[in-house]
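# Secondary and tertiary structure notes
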Amino acid sequence: MRIAVTGARGRVGRAVVDAALRDGHSVVGIDRPEATADRAHPRLDDVDADVTSYDDFEHAVQDSAALIHLAAYASPNGHPDHEVHNNNVVGSYNALSVAARLGIAKVCLASSINAIGGYYSRNPRYDYFPVDELHPTYNEDPYSLSKRICEEQADSFARRYESMTISTLRFHAVVPARGAATRTRQFEGESKQLWGYTTLDAAARACLLAVSADFTGHETFYVVAPRTTSETPSLALAGEYFPEVPIVGDLSGTRGFFDCRKAEVMLGWAHDPSVTAR
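This structure is a prediction, so every number in the text was calculated from the model and none was measured.

Our focus in this paragraph is unusual backbone geometry. Residue Pro-130 is reached from Phe-129 by a cis peptide bond, and omega for that bond is -10 degrees. Backbone geometry at Asp-63 places phi at a positive 70 degrees, although glycine is not the residue there. In this fold, Asp-63 is placed in the loop between helix 2 (54–60) and strand 4 (66–69). Despite not being glycine, Leu-194 shows a phi value in the positive range, around 55 degrees. A relative accessible area of 0% places Leu-194 in the buried class.

Now for the nonpolar core. If you look at the biggest cluster of nonpolar residues, it comprises 53 residues, and the most contacted ones within it are Val-5, Ile-68, Phe-129, Leu-169, Leu-194 and Phe-257. Here the element with the most residues in this core is helix 7 (residues 200–210); it accounts for eight residues. Apart from the residues within four sequence positions on either side, Phe-257 is in contact with Phe-129, Pro-130, Val-131, Leu-194, Trp-195, Thr-228, Ser-234, Leu-237, Ala-238 and Leu-251. With 24 residues, the next largest nonpolar core counts Phe-57, Val-61, Leu-96 and Ile-166 among its residues.

With eight of 11 residues buried, helix 7 is to be regarded as a mostly interior element. Of all the positions in helix 7, only Leu-200, Ala-202, Ala-203, Ala-204, Ala-206, Cys-207, Leu-208 and Ala-210 are classed as buried.

With that settled, consider the environment of Phe-215. Structurally, Phe-215 can be placed in the loop between helix 7 and strand 9 (217–222). Phe-215 sits in the buried class, given a relative accessible area of 10%. C-alpha separation for the pair Phe-215 and Arg-227, spaced 12 residues apart in sequence, amounts to 28 Å. Among residues more than four places away in sequence, those in contact with Phe-215 are Thr-165, Ile-166, Ser-167, Phe-221, Met-266 and Leu-267.

Right, let's talk about the packing of helix 1 (residues 11–22) against helix 7 for a bit. Following both chains from N to C, one finds helix 1 and helix 7 inclined at 60 degrees, their axes separated by 9 Å at the closest point. The orientation of helix 1 with respect to helix 7, classified from their angle, is oblique. Of the two elements, helix 1 crosses helix 7, and the hand of that crossing is right-handed. Two secondary-structure elements touch here, helix 1 through Arg-11, Val-12, Ala-15, Val-16, Ala-19 and Ala-20 and helix 7 through Leu-200, Ala-204, Cys-207 and Leu-208.

At a closest axis distance of 9 Å, the pairing of helix 3 (residues 81–102) and helix 4 (residues 142–160) adopts a crossing angle of 20 degrees. It follows that helix 3 is roughly parallel to helix 4 by the angle criterion. The handedness of the crossing between helix 3 and helix 4 comes out as right-handed. For the pair helix 3 and helix 4, contact is made by Asp-81, Val-84, His-85, Asn-88, Val-89, Ser-92, Tyr-93, Leu-96, Ser-97 and Ala-100 and by Pro-142, Tyr-143, Leu-145, Ser-146, Ile-149, Cys-150, Gln-153, Ala-154 and Phe-157, respectively.

Under the criterion given, the structure shown has 13 salt bridges. With its nearest N and O atoms 3.1 Å apart, the salt bridge here joins Glu-58 to Arg-101. Separated by 43 residues along the polypeptide, Glu-58 in helix 2 and Arg-101 in helix 3 bring together distant segments of the chain. Several salt bridges share partner residues, and in doing so they unite Arg-9, Asp-46 and Asp-48 into one network.

Turning to the side chain of Asp-259, a few remarks are in order. As for its position among the elements, Asp-259 is in the loop between helix 8 (234–241) and helix 9 (261–267). A polar atom in the side chain of Asp-259 sits 2.7 Å from the side chain of Arg-261. When sequence neighbours within four positions are dropped, the list of residues in contact with Asp-259 reads Pro-130, Val-131, Asp-132, Glu-133 and Tyr-222.

About the criteria used
- Residues numbered from 1 in each chain as written.
- Predicted model: local features only at pLDDT ≥ 70, side-chain atom pairs only at ≥ 80, totals over all residues.
- Heavy atoms only, no water.
- Helix = DSSP H or I, 4+ residues; strand = E, 2+ residues; numbered from the N terminus.
- Buried < 20%, exposed > 50% of the residue type's maximum accessible area, 1.4 Å probe, protein only.
- Core = buried A, V, L, I, M, F, W, Y, C linked by side-chain atoms within 4.5 Å.
- Contact = heavy atoms within 4.5 Å.
- Axes fitted to C-alpha atoms, helices over the stretch in contact; angles between N-to-C directions.
- Parallel < 35°, antiparallel > 145°, perpendicular 65-115°, else oblique.
- Left-handed = near helix turned anticlockwise from the far one by under 90°.
- Salt bridge = Lys/Arg side-chain N within 4 Å of Asp/Glu carboxyl O.
- Polar contact = N/O pair within 3.5 Å; in protein donor to acceptor, adjacent residues only side chain to side chain.

In structure tokens, the structure reads:
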């Protein structure tokens, strides 16, 4: 399958491109001209394009069977609020619009656990643990809002183009391995993001499974590790930091605060198939 990947020269994009090539796919790797391209592969076409330019985007993904859209600002930090929001919202809209126009039926969009609010909120609000895809949103920052809008855009396109398969994947602090997540976390922000993370390999596998899925319409999936970054039992963490939040599922041991069963059932995905939460 010929897969177009935006943000292909970024950290997650590189992992997705490498995984796709290992699986025998051909890849159109799309990124900004200033992003360094230092790979060569007979099944990889590197294309310079700005995803906020509709014409450039459409030209870049010609003849692709699937689109994985990863190009976006990864946080609200370091850029003006309006720039973060507008770049991300225009990019995700262009991805869906280009796919619909060109007949690309399989689309995967990078969302975030922050689509419901969380790390970038002043005081994150959670209604229950573990959090699943039915949890309401309380986002309040430009990045988190842009990710929620991305999901709303996908709902809209799925209603109009009923044969499309659109997956929005809620990643979390994507790192090479769990050790990197535990080393880089700052204590103040750890509780806001519920001690979660996603490895690069798990994120890449989820993207490829999403563009091979056999459902139609739009579905959102949490793609987060089954264990937290903490060795403290999850129930103890919940009791200390969120004593008012009801526990409606299994938080035994160091189980994560995000319920990823939907991705397991509908995509056949597991964060690490060889390791279970304890």
